[in-house]
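# Structure at a glance
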Amino acid sequence: MLLNCQFLSHRKKCNTSIYRLAYGRKCKLGPCPLLRQMCNDETRRLLVGNIHVVFRPSRGDVKLGQVRFLSSKAHSLSEKWGNVPVVLAGDFNCTPNSPIYKFLSTSKLNVMLHDRRELSGQKNCHPDQVFGIQRPFKNPYSLIDSFFKHSWTNTELKNATGDAEMEVAVHPLKLRSTYTMLKGSDSTRDSSCEPLATSYHSKFIGTVDYLWFTDGVVPTKVLDTVPIGALRKIGGLPSKAPYTSLVTDPLPAFKKICHITRFKKICLLFYSIIIFSMVAGSGYDHLTLVAEFAFT
């Protein structure tokens, strides 16, 4: 039997403003067709969405809008196909302690309570700050800046919530983060069991990649990430270190998709940058996330 896996890529052209950066420049979200892959068991269907949220921390309104749109589109397609389970994977460009992460996990966010420039939580994630080499920068004008902290323009509100008159962004999915459901090592996980780091380069170290899922499936196994101490030693990704090659080169793990386990289980792979542009031998500054799910 074959499982009908519907893959939705949030990389289509769109004329709305949430897909454009400041100064009229488009987001790096090029057109990509809807993927359909037959896996195992025709009686089961699964919707998998993939996204690469814009990086720029100052454009929290755009980030939030992109996440909101993907979640809403995935919910709509899930209902169309009989309320099938949803898995959303990608580089969400937000940390586990960020308002955008809270939005994903709670389905709503009052944007007026937050500075749009800090919605992604990426402000103090420079490697020197994380490893205690350099203290976080304190703005001498922070008091004055705080008066404008929660000032949102109508355009920014529309980007974030979908309506210039709305102050609360909402999405219809009840999402849970896969890695938080399964315990891991203290050297690889934070207090909420999210990975300590899924990306590491000269200006950033932290977790921005996730596998979110809805009811209908449950994670049974995950591939743990590289210990934070080992990442510090190699000084960044990609690396030629033997213990990182397995998790930075997606091809070996990708092949495992073809060997789906029986008894209503499916093994899902998400490679954090763009799964469609994998090149053998090349590396990226993100780690691979792999999880096994069972249908409930």
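What you are looking at is a predicted structure, and each value in this text was computed from that prediction instead of being measured. (Residues numbered from 1 in each chain as written. Predicted model: local features only at pLDDT ≥ 70, side-chain atom pairs only at ≥ 80, totals over all residues. Heavy atoms only, no water.)

### Some words on the overall build of the chain
For the chain, the count of helices and strands is 8 helices and 13 strands. Out of the 296 residues in the chain, the part that is buried amounts to 48%. A separation threshold of at least 6 residues defines the contact pool for the chain, and within that pool the share at least 24 residues apart is 74%. Surface accessibility of the chain: about 15100 Å² in total, with carbon and sulfur atoms responsible for 56%. (Helix = DSSP H or I, 4+ residues; strand = E, 2+ residues; numbered from the N terminus. Buried < 20%, exposed > 50% of the residue type's maximum accessible area, 1.4 Å probe, protein only. Contact = heavy atoms within 4.5 Å. Areas by Shrake-Rupley, 256 points an atom, 1.4 Å probe, with all protein chains shown as cover.)

### Topic: the environment of proline 85
In this structure, proline 85 sits in the loop between α1 (60–80) and β4 (86–91). Overall, proline 85 belongs to the buried group, its relative accessible area being 10%. It is 9.8 Å that separates the C-alpha atoms of proline 85 and threonine 296, two residues lying 211 residues apart in sequence. If sequence neighbours within four positions are ignored, proline 85 has contacts with Arg45, Leu46, Leu47, Thr214, Asp215, Gly216, Val217 and Phe295.

### Concerning unusual backbone geometry
Phi angles above zero are rare outside glycine, and serine 107 is one such case at about 75 degrees. With respect to the secondary-structure elements, serine 107 resides in the loop between α2 (99–106) and β5 (108–110).

### Side note on the side chain of threonine 225
You can see threonine 225 is positioned in the loop between β11 (217–222) and α6 (228–234). Threonine 225 sits in the buried class, given a relative accessible area of 6%. Once residues lying within four places of it in the same chain are set aside, the contact partners of threonine 225 are Thr188, Pro195, Ala197, Leu287 and Leu289.

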